[in-house]
2 protein chains.
Amino acid sequence: MSDIIEVSSNKIFGGWQKVYSHESYELGCRMNFGIFLPSQAEESPVPVIYWLSGLTCTETNFVQKAGAQKYASEQGVVLVAPDTSPRNLNIPEEDKDWDFGTGAGFYIDATTEPWKRNYRMYSYVTKELPALINDKFPILSDKQSIMGHSMGGHGALICALKNPGLYKTVSAFAPISNPISSPWGRKALSGYLGGTETNALWKDWDATELAKKYNGPPLDILVDQGKEDRFLKDGQLLPENLLSAAKDAGLPLVLRFQEGYDHSYFFISTFIEDHIKHHVKYLKS
Amino acid sequence: MSDIIEVSSNKIFGGWQKVYSHESYELGCRMNFGIFLPSQAEESPVPVIYWLSGLTCTETNFVQKAGAQKYASEQGVVLVAPDTSPRNLNIPEEDKDWDFGTGAGFYIDATTEPWKRNYRMYSYVTKELPALINDKFPILSDKQSIMGHSMGGHGALICALKNPGLYKTVSAFAPISNPISSPWGRKALSGYLGGTETNALWKDWDATELAKKYNGPPLDILVDQGKEDRFLKDGQLLPENLLSAAKDAGLPLVLRFQEGYDHSYFFISTFIEDHIKHHVKYLKS
């Protein structure tokens, strides 16, 4: 278990918003993560919600802009926000595009060169990071759930769908719901896994495909989608494909289209209270 | 009245967070301001709260980090957040220091060269900007109040204390309460007004001095101050001097020291609901 070093610490809503760094063995580099510790955690262990951010984000976007600490404080849950990719690896072209490489790990374990050694965000967020969090903080390790935004909404969905029972629930804001069929997704899957959509591996990292074959404990999925989100209009998100797959598979999924809202943290901040309450329903039952 | 151009527009908590730019005649440059319009403003005019930010900020810090839109939406008030100084003037040394010049207008009307033509943030926030806002948006122009943080807390206090009756109430987070006696304040007052604290002009821009001679309608002042604020410890803020002056002058001022909180927007976001409710008490009476 690696050591963690405190990068920052700020009191907020009676709890503490902290950022730590640590050496990640999955990613082969130093990583930051944000963690909000509500005051309840000073008394006894509490549940934890993981937040996965979108393209170009670091751990700070959610920490500074979502306003989630208020609700996590009211509900007594920890929030953990990892970074979105490994950093500073000096892999050729890792910084060339904003939607691939640095800031765009896609929560996948890569299988191609030169990515496969370090671009292992899936193993990082589902295994290494929770083990570290459970070891260092007062967490009820069997009470965890996951949510995210855009690329991170895709990440949250695949983490939950690939690991029946590991997360009590999952929710997403404007997730990339069917990456096999979206330009962002195809670029990422092609780069990290190789080939085209005929590569059978791709389906293992696609929420819509995974929903079709989900077989596990009940998973109550909440998705919010802004109707004025330009990436929805561009065909990057495709939540209707996920909804349809979930319906066919008998997975309860509520997809709410929100009139007038876009892809930004202004949208997230408006509905994050609903999501935290949705999670708490399952984390505290 | 200058035209305004929409820079951005995002739906949040049922209302709209917008940023506009316009040509300022007081400042002689193009300026941005943020404005949150709650859904109630679509029906009829509503009160307005001005927010003044601290050193190095632009209009975006408050817009993105304070979480104030939720409460303004619940209460049906407009929030206006101007920038903190004129921009891009090519005055020698305007960008040399982070605590003087660009990003550090101090809400003063300068009297020295080369600042006096453009560094007129006081006239901008008390006259030009409200006239523009009242002209372009559905505002109850006789229902306005003002709040701010650090340098902007100083700004909010002097705007209210110098203009009895213009603002229904005033509040501040960690204000520079007695700039004549603080290193930041002395640097700003010396630069924009000239001389040293023996320059009688300085007292016209110092909240503690202005509180001593306030003569106007009742003004109920709320101040929050983090106890772990390093700028408090450094003697930059001196809220106890303001409290003492207000007490002597019979001005009701509540100064709350908040255990564990620092100078950041994490502190502001925790208590902004209290401040908005404090303002609404006077804006809606």
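Reading guide: rules and limits
- Residues numbered from 1 in each chain as written.
- Chains lettered and ligands numbered in written order.
- Predicted model: local features only at pLDDT ≥ 70, side-chain atom pairs only at ≥ 80, totals over all residues.
- Heavy atoms only, no water.
- Helix = DSSP H or I, 4+ residues; strand = E, 2+ residues; numbered from the N terminus.
- Rg over C-alpha atoms; globule rule 2.2 N^0.38 Å.
- Buried < 20%, exposed > 50% of the residue type's maximum accessible area, 1.4 Å probe, protein only.
- Contact = heavy atoms within 4.5 Å.
- Buried area = accessible area lost by both parts, 1.4 Å probe.
- Salt bridge = Lys/Arg side-chain N within 4 Å of Asp/Glu carboxyl O.
- Pairing = 2+ DSSP bridges.
- Axes fitted to C-alpha atoms, helices over the stretch in contact; angles between N-to-C directions.
- Bend = angle between axes of the 7 residues up to and from the residue.
- Polar contact = N/O pair within 3.5 Å; in protein donor to acceptor, adjacent residues only side chain to side chain.
- UniProt positions renumbered as here; feature names shortened; annotations may be inferred.
- Core = buried A, V, L, I, M, F, W, Y, C linked by side-chain atoms within 4.5 Å.
- Least-squares fit on C-alpha atoms with pLDDT ≥ 70 in both.
- pLDDT = per-residue confidence, 0-100.
- Phe/Tyr/Trp six-rings, centres within 6.5 Å; stacked < 30°, edge-to-face > 60°.
- Lys NZ or Arg CZ within 6 Å of the ring centre and 35° of its normal.

Visitor: Would you mind going over the overall build of chain A in detail, with residue names and values included?
Guide: Across its full length, chain A carries 9 helices and 9 strands. Relative to the globule expectation of 19 Å for 285 residues, the C-alpha radius of gyration of chain A, 17 Å, shows essentially globular dimensions. The principal-axis extent of the C-alpha atoms belonging to chain A is close to 50 × 40 × 35 Å. Per-residue burial over chain A gives 64% buried out of 285 residues.

Visitor: Can you tell me about the interface of chain A and chain B, naming the residues and giving the values?
Guide: When the parts of a complex come together, some accessible area is lost, and that lost area is often used as the size of the interface. Contacts between chain A and chain B engage 24 residues on the former and 24 residues on the latter. Between chain A and chain B, a total of about 1,900 Å² is buried, with carbon and sulfur atoms accounting for 54% of that surface. Taken as a group, A:Lys11, A:Gln64 and A:Phe266 account for 33% of the area that chain A buries against chain B, more than any other trio of residues on that side. Applying the counting criterion to the chain A and chain B interface returns 2 salt bridges.

Visitor: Break down the pattern of salt bridges for me, with residues and values.
Guide: Under the definition given, this model contains 40 salt bridges over all chains. Where A:Glu273 meets B:Lys70, a salt bridge forms, and the shortest distance between an N and an O atom there is 3.7 Å. Residue A:Glu273 is found in helix 9 (residues 265-283), and its partner B:Lys70 is found in helix 2 (residues 69-75); the two belong to separate chains. Assessed through its relative accessible area of 11%, B:Lys70 is described here as buried. Residue B:Lys96 is joined to B:Asp97 by a salt bridge in which the shortest nitrogen-to-oxygen separation is 3.9 Å. The exposure class assigned to B:Asp97 is partly exposed, which follows from its relative accessible area of 24%.

Visitor: So what about the sheet that holds strand 4 (residues 46-52) of chain A? Which residues, and what values?
Guide: All names here are of chain A. With respect to topology, 9 strands assemble into an open sheet ordered 1-2-3-5-4-6-7-8-9, the strand pairing being mixed. Each of the sheet's edge strands pairs with one partner strand only, and the pair in question is strand 1 (4-12) and strand 9 (253-258). Looking at each pair of strands side by side, their axes are set apart by 20° on average, direction ignored. Pairing analysis gives 6 bridges linking strand 4 to strand 6 (residues 139-149), with the strands arranged parallel. By the bridge assignment, Val48 is partnered in strand 6 with Gln144. Where helix 4 (residues 151-162) meets the sheet, it contacts strand 4, strand 6, strand 7 (170-173) and strand 8 (221-226), and its direction lies at approximately 140° from that of strand 6.

Visitor: Help me get a handle on helix 9 of chain A, residues and values and all.
Guide: Residue and element names in this part refer to chain A. Helix geometry: helix 9 is bent most strongly at Phe271, by close to 50°. Most of helix 9 is tucked away: 15 of the 19 residues are buried. The N-cap residue of helix 9 is Ser264: its side-chain oxygen and the backbone nitrogen of Phe266 are 3.2 Å apart.

Visitor: Quick one: what's the story with the UniProt feature "active site" (unreviewed entry) in chain A, residue by residue and with numbers?
Guide: All names here are of chain A. What UniProt calls "active site" (unreviewed entry) maps, in this numbering, to Ser150, Asp229 and His263. Annotated residues spanning 114 residues; largest pairwise C-alpha distance 10.8 Å, indicating a single compact cluster. Here Ser150 lies in the loop between strand 6 and helix 4. Filtering out sequence-adjacent residues up to four positions away, Ser150 remains in contact with Gly54, Phe173, Ala174, Pro175, Ile176, Trp184, Leu237 and His263. Its location among the elements puts Asp229 in the loop between strand 8 and helix 7 (230-233). If near-sequence neighbours (up to four positions away) are discounted, Asp229 is found in contact with Ala174, Leu237, Tyr261, Asp262 and His263.

Visitor: Go over the nonpolar core with me, naming the residues and quoting the values.
Guide: Formed by 195 residues in total, the largest nonpolar core has its most connected members in A:Ile272, A:Ile276 and B:Ile272. Setting aside chain neighbours within four positions, we find A:Ile276 in contact with A:Ile49, A:Ala68, A:Tyr71, A:Ala72, A:Gln75, A:Val77, A:Leu79 and A:Met147.

Visitor: Account for the relation of the copies chain A and chain B, with residues named and values stated.
Guide: Superposing chain A onto chain B takes a rotation of 180° plus a shift of 0.0 Å along the axis, which leaves an RMSD of 0.0 Å. Both copies of the chain, as the preceding transformation shows, are related through a two-fold rotation axis. Judged by C-alpha distance, A:Lys65 is the residue of chain A that lies nearest the rotation axis, at 2.7 Å. A share of 100% of the interface residues of chain A reappears at the interface of chain B, consistent with the copies meeting face to face through the same patch.

Visitor: An account of the confidence of the model for chain A is requested, with residue identities and associated values reported.
Guide: Mean pLDDT for chain A: 97, with 100% of residues reaching 70 or above. Prediction confidence for the complex, expressed as pTM and ipTM, is 0.96 and 0.95 respectively.

Visitor: Can you break down the environment of A:Val254 residue by residue, with the values?
Guide: The residue A:Val254 is located in strand 9 in this model. Among the residues examined, A:Val254 registers a relative accessible area of 43% and is labelled partly exposed.

Visitor: Tell me about the packing of aromatic side chains, and please be specific about residues and values.
Guide: Residues and elements named next belong to chain A. Under the criterion given, the structure shown has 34 aromatic pairs over all chains. A ring pair is formed by Phe33 and Phe137, whose centres lie 6.5 Å apart and whose planes are at 90°; its orientation type is edge-to-face. Of this pair, Phe33 sits in strand 3 (residues 29-37) while Phe137 sits in the loop between helix 3 (121-136) and strand 6, placing them 104 residues apart in sequence. Put simply, the rings of Trp51, Phe62, Phe173, Tyr261, Tyr265, Phe267 and Phe271 touch in pairs and so form one group of aromatic residues. Positioned above the aromatic ring of Tyr122, the side-chain terminus of Lys162 is 5.3 Å from the ring centre.

Visitor: Summarise the sheet that holds strand 4 (residues 46-52) of chain B; cite the residues concerned and give the values.
Guide: All names here are of chain B. Spatially, 9 strands are ordered 1-2-3-5-4-6-7-8-9 in an open sheet, and the strand pairing comes out mixed. Of all the strands in the sheet, the pair left with one neighbour each is strand 1 (4-12) and strand 9 (253-258). Sheet twist, expressed as the mean angle between neighbouring strand axes with direction ignored, is 20°. Docked against the sheet, helix 4 (residues 151-162) engages strand 4, strand 6 (139-149), strand 7 (170-173) and strand 8 (221-226), running at close to 140° with respect to strand 6.

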